[in-house]
Amino acid sequence: MLIRRKPDMLPSEITPRDSYRDRRRFMRGAVALGAAAAVGAGGLLLEPRRAHAGAKLSGLKKSPLSVVEELTPYKDITTYNNYYEFGTDKTDPSEEAHTLKTRPWAIAVEGEVKKPKTFDIDELLKLAALEERIYRMRCVEGWSMVIPWVGYPLHELAKRVEPTAKAKFVEFVTLADKDQMPGVRMPILKWPYTEGLRMDEAMHPLTILCLGLYGEVLPNQNGAPVRVVVPWKYGFKSGKSIVKIRFVEQQPQTTWNLAQPREYGFYSNVNPEVDHPRWSQARERRIGEFLKRPTLMFNGYGDQVASLYAGMDLKKNF
Amino acid sequence: MALANPKPSMVKWIKAAAFAACLMPLASLAWRGLHHGLGANPIEYITRSTGWWTLSFLLITLLVTPLRRWSGWNWLLRLRRMLGLYAFFYACLHFTTYVWLDQFFDLHSIVKDVIKRPFITIGFAAFVLLIPLAGTSTNAMVRRLGAKRWQLLHRLVYLIATCGAIHFWWLVKKDITEPLSFAILLAALLGARLAFLVRRRQPAAAPVRARSQAI
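Note on numbering: residues in each chain are counted from 1, in written sequence order. Starting at A for chains and at 1 for ligands, labels are handed out in the order in which the entities are written. The predicted nature of this model means local features are confined to residues of pLDDT at least 70 and side-chain atom pairs, given and counted, to a pLDDT of 80 or more, with totals for whole chains, interfaces and linings taken over all residues.

Caption draft 1: Expanded view of the overall build of chain A. A run of DSSP states H or I qualifies as a helix once it reaches four residues; a run of E qualifies as a strand once it reaches two. Both are numbered from the N-terminal end. Within chain A one finds eight helices and 13 strands. A total of 318 residues make up chain A; the buried ones form 36% of that total. Contact between two residues is assigned whenever their backbone-derived C-beta positions fall within 7 Å. Residue pairs in contact within chain A that sit at least 24 positions apart in sequence constitute 69% of those at least 6 positions apart. Partly exposed residues are those whose C-beta has more than 12 but fewer than 20 other C-beta atoms within 10 Å; 20 or more makes a residue buried and 12 or fewer makes it exposed, with C-beta atoms placed from the backbone.

Okay, here's the thing in structure tokens:
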């Protein structure tokens, strides 16, 4: 590194006044240009993303299973998503999911059932009375929301197909179409996205087949047109855009568990006492709030679900 | 290959323009903050952004010497201190965001994180190592340490940048595209220095052979 001692000034080194003024004008211009460029670029980046106003779902029943908490704004629920089929940034799904075709749509329900059947989306919308279920949603990453879902208990669908005694688990398969989903063209995860529940978890009154959000049909980025919601587990357990539901004997292989078995277990119950190997799960950021809040056991649904895990070591069965 | 060096007066302009340019990431964050452009999880956005820029400025700083050697533009060296200090500046913003906005000065929680979370441990280590480098960046400090000791201390930047790259790698859930890109660029910049060192050693062999042939 060159260190120069301050030399005595030579008269020839004194900046002529005109050059001095020219340079100041240049600098002012350059800064103005830079600022204008930043503002212009910023304006482009912040194009307001129109929240897609979906079709209204009417006649919704209120549910005693809903929580009474401040709802997360629609804008946040629909622009902050993990849906890797459409990209891995939080804003990717809302920007890219417009290519998802949600009609025609059907869920094939099969496996250890007496009456396997493919249910078309209109059948699903009328299968049982649609309820408003306001649930807490806790992401494994450490943030959470309160979301007013629309749907009905999954057991309503199950009783139509009559699972046999061999059905010990339920597997949920998400659409994985390279043409509609840019993320599927890359092996970010093993596609199709697959999740699973134990039979008693799937038949629990809290587990819903979900068809809407904020009184409207699901936006694409939230898992349209039909998904599952299991509120006492980390959000990735609630599969989106379901095309197949299988009742099976063996515990299904789930996508995140396959990707990183040490970090994402089959159960993935929200548990502040069991940390993720790389970060703590003791606290969470409720979207919209400034301070973090303590994470609740089973995401606050302990009264309803703790009995499902009586006697289980939740550190081993994470 | 040697390109013509600009006049010292021109270099001052370039330095001033670069100074302003280096503030753009912060200006952009501030602008977004005022216009609800930080998304649903602003603290996460700010943390990610300041971290990304810290790593980027570290890489830009490391680019100066290989670029100078390759182009013959020795004036680039006059930018290096500013670029390095900007890396430290964004590192301070990143650290402050974590301590204040993310953890809200919960010292117990922070200490636990630093001890138990490997990605935070290594990130914290990188930040701590940057402090003496920032502190000895002045001309007076260079004179006090002497060129040799100063250069030895500032070679720590190789370790700091590596820790920073690992910190980023260890925090992403699955998509390692960005951390991998940083790692590759860092490897290239460190590799360039290694190549230069190796090439500098070789000419010493040739003169000896020539002399013995002449005899």
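On we go from here.
Caption draft 2: Focus on the pairing of strand 5 (residues 143–153) of chain A. Residues and elements named next belong to chain A. Along strand 5, nine of the eleven residues are buried, which leaves the element largely enclosed by surrounding structure. When DSSP finds at least two bridges between two strands, those strands are taken to pair. Pairing geometry for strand 4 (residues 131–138) and strand 5, over eight bridges, is antiparallel. Its bridge partner lying in strand 5, Ile134 is registered against Pro148. Here strand 4 folds back onto strand 5 in antiparallel fashion, the turn holding four residues, of which Gly142 has a positive phi close to 110°. By the bridge criterion, two bridges tie strand 5 to strand 12 (residues 283–286) in an arrangement that is parallel. Note that in strand 12 the partner of Trp143 across the bridge is Arg285. The pairing of strand 5 with strand 8 (residues 208–213) spans five bridges and is classified as antiparallel. Of the residues in strand 8, the one forming a bridge with Pro153 is Ile208.

Caption draft 3: View of the interface of chain A and chain B. Listed as interface residues are 27 residues of chain A and, on the opposing side, 29 residues of chain B. For the side of chain A that touches chain B, the secondary-structure elements that each account for two or more residues are helix 1 (17–45) and helix 2 (74–79) of chain A. The element best represented in the side of chain A that touches chain B is helix 1 of chain A, accounting for seven residues. Under the convention adopted here, Pro, Cys and the residues Ala, Val, Leu, Ile, Met, Phe, Trp and Tyr are nonpolar, Asp, Glu, Lys and Arg are charged, and Gly plus all remaining residues are polar. Its residues assigned to classes, the side of chain A that touches chain B shows 15 nonpolar, six polar and six charged.

Caption draft 4: View of helix 1 (residues 8–34) of chain B. All names here are of chain B. Counted at 1.5 Å a residue, the expected span for helix 1 with its 27 residues is 39 Å, and the 39 Å between its end C-alpha atoms agrees. Given a residue, its bend is the angle between the two axes fitted to the seven residues that end at it and to the seven that start from it. Residue Met24 marks the point of greatest curvature in helix 1, where the axis turns by about 35°; the proline Pro25 follows within four residues. Among the residues making up helix 1, those that are buried are Cys22, Pro25 and Leu29. Packed against the buried residues of helix 1 are helix 2 (42–71) and helix 3 (77–102). Looking at the residues trailing helix 1, positive phi occurs at His36, about 50°. The span you would expect from a helix comes to 1.5 Å times its residue count less one.

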